[in-house]
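One-letter residues, chain by chain:
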Amino acid sequence: MQGVTTSLSVDDYRARIASLVPPAPVVLLPTDECLGRVLGADVVAPVALPPFDNSAMDGYAVRAADVAGAERHAAVALPVPVDIPAGRTDIVPLLPSTAHRIMTGAPVPPGADAIVKVEDTDGGVERVAVRAPVEPGTHIRRAGEDVAEGATVLRAGTVLGAAQLSLAAAVGRAELPVYRPVRVLVLSTGTELVVPGNPLLHGQIYESNSVLLAAAVREIGGTATVLRAVPDDVEQFHAAVKAHPDADVLVTSGGVSAGAYEVVKDALTGRGVEFMRVAIQPGGPQGSGRFGELPVVSLPGNPVSTALTFELFLRPALLSAMGHAEVDRPRTRAAVTEDLRSPAGKRQYRRARLDGSSVTPVGGPGSHLLASFAASDCLIEVPEDVTEVPAGADVEILLLR
Ligand code: AMP
Ligand code: MG
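Residues numbered from 1 in each chain as written. Chains lettered and ligands numbered in written order. Predicted model: local features only at pLDDT ≥ 70, side-chain atom pairs only at ≥ 80, totals over all residues. Heavy atoms only, no water.

Student: Even after reading the chapter, I still don't get the pattern of salt bridges, so can you show me in this structure?
Tutor: Where side chains of opposite charge bring their charged atoms close, a pairing between them can arise. Counted by the stated rule, this structure contains 19 salt bridges. The salt bridge involving D328 is made with R14; its shortest N-O contact spans 2.9 Å. Highlighted residues: D328 in the loop between α6 (303-321) and β23 (331-336) and R14 in helix α1 (residues 10-20), separated in sequence by 314 residues. Classification of R14 as partly exposed rests on a relative accessible area of 28%. A cluster of three or more residues bridged by salt bridges with shared partners is formed by D11, R331, R333, R347, E381, E384, D394 and E396. (Salt bridge = Lys/Arg side-chain N within 4 Å of Asp/Glu carboxyl O. Helix = DSSP H or I, 4+ residues; strand = E, 2+ residues; numbered from the N terminus. Buried < 20%, exposed > 50% of the residue type's maximum accessible area, 1.4 Å probe, protein only.)

Student: Explanation requested: α6 in the structure shown.
Tutor: Side chains of residues three or four places apart in an α-helix project in the same direction, reflecting 3.6 residues per turn. Compared with an ideal rise of 1.5 Å per residue, which puts 19 residues at 27 Å, α6 spans 25 Å between its outermost C-alpha atoms and is within 8% of the ideal. Its maximal kink placed at E311, α6 deviates by approximately 45°. Most of α6 is tucked away, with 18 of its 19 residues classed as buried. Once α6 ends, the next one or two residues include G323, with phi positive near 90°. (Expected span 1.5 Å × (residues − 1). Bend = angle between axes of the 7 residues up to and from the residue.)

Student: Could you clarify how one ought to interpret the packing of α1 against α6 in this entry?
Tutor: To characterise two packed helices, one gives the angle between the axes of the helices and the distance between these axes. Here α1 crosses α6 at 35°, and the two axes come no closer than 9 Å. Handedness of the crossing formed by α1 with α6: right-handed. Here V10, Y13, R14, I17 and A18 of α1 come into contact with α6, specifically with L312, F313, L314, P316 and A317. Its residues assigned to classes, the contact of α1 with α6 comprises 9 nonpolar, no polar and 1 charged. (Axes fitted to C-alpha atoms, helices over the stretch in contact; angles between N-to-C directions. Left-handed = near helix turned anticlockwise from the far one by under 90°. Contact = heavy atoms within 4.5 Å. Nonpolar A, V, L, I, M, F, W, Y, C, P; charged D, E, K, R; others polar.)

Okay, structure coming up:
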């Protein structure tokens, strides 16, 4: 093939892309921008949880000794001088032989050692009849019993889900140190491309790769700036890239294979980016390197090739750059329902649907079959040295959803 300088295995190419994308810096972001991101430093609790002894029930704060003799038919009556709703911040000590009405989450007054729940009383406002005794300590949530002040509540490397974010908020954190989103510049090339919403002439197609790439980048926490339908013109390509100097990574689609008008190849060959064949089907023609300082990954234009090679090469590299330790899709094995053929020497990926312990290919191996990709939930991986897989054979599966 013209312009081919190297041929690489899938694993070697994956390693090449992984080393191309530098780790993102750790920055402080507001907690509500941290969902799915990875903590870049431990989080220590500046306050204990709970911060103060508080009531676990709506009821009455008492001294257990004052209600020791209470029974269902022999209530102990106590005056109720004070109400303590949740949020009351002044301190109102409890005097002997009195009860403070108290709500869940309100601070337990000094002098009280137990809470009688409202169901064990007549619910009185001025005076209360207590109908059951309590052990000291009953229904009191102790300061620090969840988290001690100064304790490490979240470790660096934690992927922040809803539960972790709420814990950070509960100890008072408004911002968290996380790996900054990788800023990806997505550039799709092709003079035939038309942005959806515009009419299509014969010979033109709607541009879709940038939609896939931007969505896939955002899905894993990156940001995407999208340049759609850049014509097959080297000067326009260079101008488009130069207009976005703050990108961390440039991802292009199209213009890397063997034909004429291969704009990405023409624009970047001899400028730090190498174009090569990877032993994969679909998605063999690939380009990667550095254009100046800028890491570049150039994917082929066929939509399924774009999608699949983003998935296999760039997705793990971006996840790793954003601090993730788990960068691979889960795998399983299943019995394939049809015969498969695969080219010798190439690792083939087939779109498929998994149903329990069997897996059915969706569409053929053709790299333009986008509808079958959208209908798939997994990929079948056929190794390089396998050319035929009979129906019923066990195959390796990558779960996409
Ligand atoms: P290329 O790699 O530029 O030779 O493109 C290979 C095939 O993918 C051609 O049929 C292109 O029209 C198509 N293609 C390239 N880029 C896109 C895109 N951004 N959206 C949809 N189809 C594309
Ligand atoms: Mg093209």
